[in-house]
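# Examining the three-dimensional arrangement
Read off the chains here:
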Amino acid sequence: MSKAVKKLMAGDVHKRYGGFSSACVVDMTGMKVQDQERLRKLIRSKSGRVEVIKNRLTRFALQGTGLEPLGKSFRGPCALVTSSESAIDIARALMDAAKEFKALKLKQAIFEGDPSLLTVEQMAKMRGRRELLGEIAMLVSSPGRSLAGCLSSPQAKLAGCLKAIVKKGEAA
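In this text the structure is predicted, and so the values were computed from the model without any measurement.

Counting its regular elements, the protein contains six helices and five strands. Sequence-ordered secondary structure for the protein, helices as α and strands as β, is α-β-α-β-α-β-α-β-β-α-α. Its C-alpha atoms give the protein principal-axis dimensions of about 105 × 35 × 25 Å. Out of the 172 residues in the protein, the part that is buried amounts to 34%. A sequence separation of at least 24 residues applies to 75% of the contacts in the protein between residues at least 6 apart. Summed over its atoms, the accessible surface of the protein is roughly 11,000 Å², and 59% of this surface lies on carbon and sulfur atoms.

What follows is about the pairing of strand S1 (residues 23-27). Of all five residues in S1, five are buried; the element is thus mostly enclosed. Of the two faces of S1, the one lined by Ala23, Val25 and Asp27 and the one lined by Cys24 and Val26 are each fully buried. Sheet topology note: the S1/strand S4 (residues 105-110) ladder contains four bridges and is antiparallel. Bridged to Cys24 within S4 is Ala109. Of the strand pairs in this sheet, S1 and strand S3 (residues 79-83) are connected by three bridges, and their pairing is antiparallel. In the sheet register, Cys24 faces S3, and the bridge partner there is Val81.

Bringing the packing of aromatic side chains into the picture now. Within the structure shown, the criterion is met by one aromatic pair. Relative to Phe20, the ring of Tyr17 lies with its centre 6.0 Å away and its plane at 40 degrees, an arrangement referred to as tilted.

Turning our eyes to something else, we now look at the environment of Ser116. Residue position: Ser116 is located in the loop between S4 and strand S5 (118-119). Here the alpha-carbon distance between Ser116 and Arg38, two residues 78 residues apart in the chain, equals 30 Å. Within polar-contact distance, the side chain of Ser116 engages the side chain of Asp114 at 3.0 Å.

Let us look at the side chain of Thr82. Its place among the elements puts Thr82 in strand S3. Ignoring anything within four residues of it in the chain, the contact list for Thr82 reads Tyr17, Phe20, Ser22, Ala23, Ser47, Gly48 and Arg49.

As a further point, take unusual backbone geometry. Positive phi values are uncommon outside glycine, yet Ser47 reaches one of about 60 degrees. Among the structural elements, Ser47 can be located in the loop between helix H2 (33-45) and strand S2 (48-52). By relative accessible area, Ser47 is classed as partly exposed at 30%. Of note in this structure, Glu112 is not a glycine but carries a positive phi near 50 degrees.

What follows deals with helix H4 (residues 87-100). Helix length check: H4, at 14 residues, gives a terminal C-alpha distance of 20 Å against a target of 20 Å (1.5 Å per residue), a fit within 8%. Taken residue by residue, H4 has Ala87, Ile88, Asp89, Ile90, Ala91, Ala93, Leu94, Ala97 and Ala98 as its buried positions.

When the terminal C-alpha atoms of helix H1 (residues 3-17) are compared, their 21 Å separation across 15 residues agrees well with the 21 Å that a helix rising 1.5 Å per residue should span. Those residues of H1 that fall on the buried side of the exposure criterion are Ala10, Val13 and Tyr17. Axial view of H1: buried residues confined to an arc of 60 degrees, hence all on one face. Turned more than 90 degrees from where H1 packs its buried face, Ala4, Lys7, Leu8 and Lys15 sit exposed. Those residues of H1 hidden inside the fold are in contact with S2, helix H3 (55-61) and S3.

Criteria and cut-off values
- Residues numbered from 1 in each chain as written.
- Predicted model: local features only at pLDDT ≥ 70, side-chain atom pairs only at ≥ 80, totals over all residues.
- Heavy atoms only, no water.
- Helix = DSSP H or I, 4+ residues; strand = E, 2+ residues; numbered from the N terminus.
- Buried < 20%, exposed > 50% of the residue type's maximum accessible area, 1.4 Å probe, protein only.
- Contact = heavy atoms within 4.5 Å.
- Areas by Shrake-Rupley, 256 points an atom, 1.4 Å probe, with all protein chains shown as cover.
- Pairing = 2+ DSSP bridges.
- Phe/Tyr/Trp six-rings, centres within 6.5 Å; stacked < 30°, edge-to-face > 60°.
- Polar contact = N/O pair within 3.5 Å; in protein donor to acceptor, adjacent residues only side chain to side chain.
- Expected span 1.5 Å × (residues − 1).
- Arc of directions from axis to C-beta.

This is the structure:
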C-alpha cells in the first residue's frame, strides 16, 4: 500500500474517531461470524460501533486526539468500540457479552481522554451519567425535603390537637 493511500486511510480514521474521548479495545479472535454480528448488533443498540482496523494505522491516526493513549493497547488482533452516548454503558454491554461469548477478550479502555488506561471491567464498574445525575438530584433535594418535614411536623401536631378538641366538644 502506498504512503498516499495510508495517509488517506489514516485521515479517514482520524475524522471518524477524532471527536471521541472514550473507547474500549477488544479482541474478537476465535469468535464465530454469527457471534460477532450479534455483538455488533448489541453495541449498535447502545449507539455504539465496533470496528476492526489495522493497529499501526490506528496508532498513527489517533495521534493528537483524546484516544491517543489507547494506541498502546493496539497489539495483536483487536477492535475499537466507541459510543456516541455513554461509554460506561458500552463497557457494561461488553462485560455482559464476554460472559456470553467466551472467545471475546476485553483489553483496555480510556475514559474522557484520561491518559491512564483502565481495563474494560474497571470502566464497567464506574457510575454512569444517569446514576450521577440521580445522585446529585437526591443530594440537592434532601435539605429541602428535611426542611419540609420539619415544617410540616408542628402543623400536623397542631391539627391533631384541634381535632381532639373538636371531638371532645362534640362528645360533651
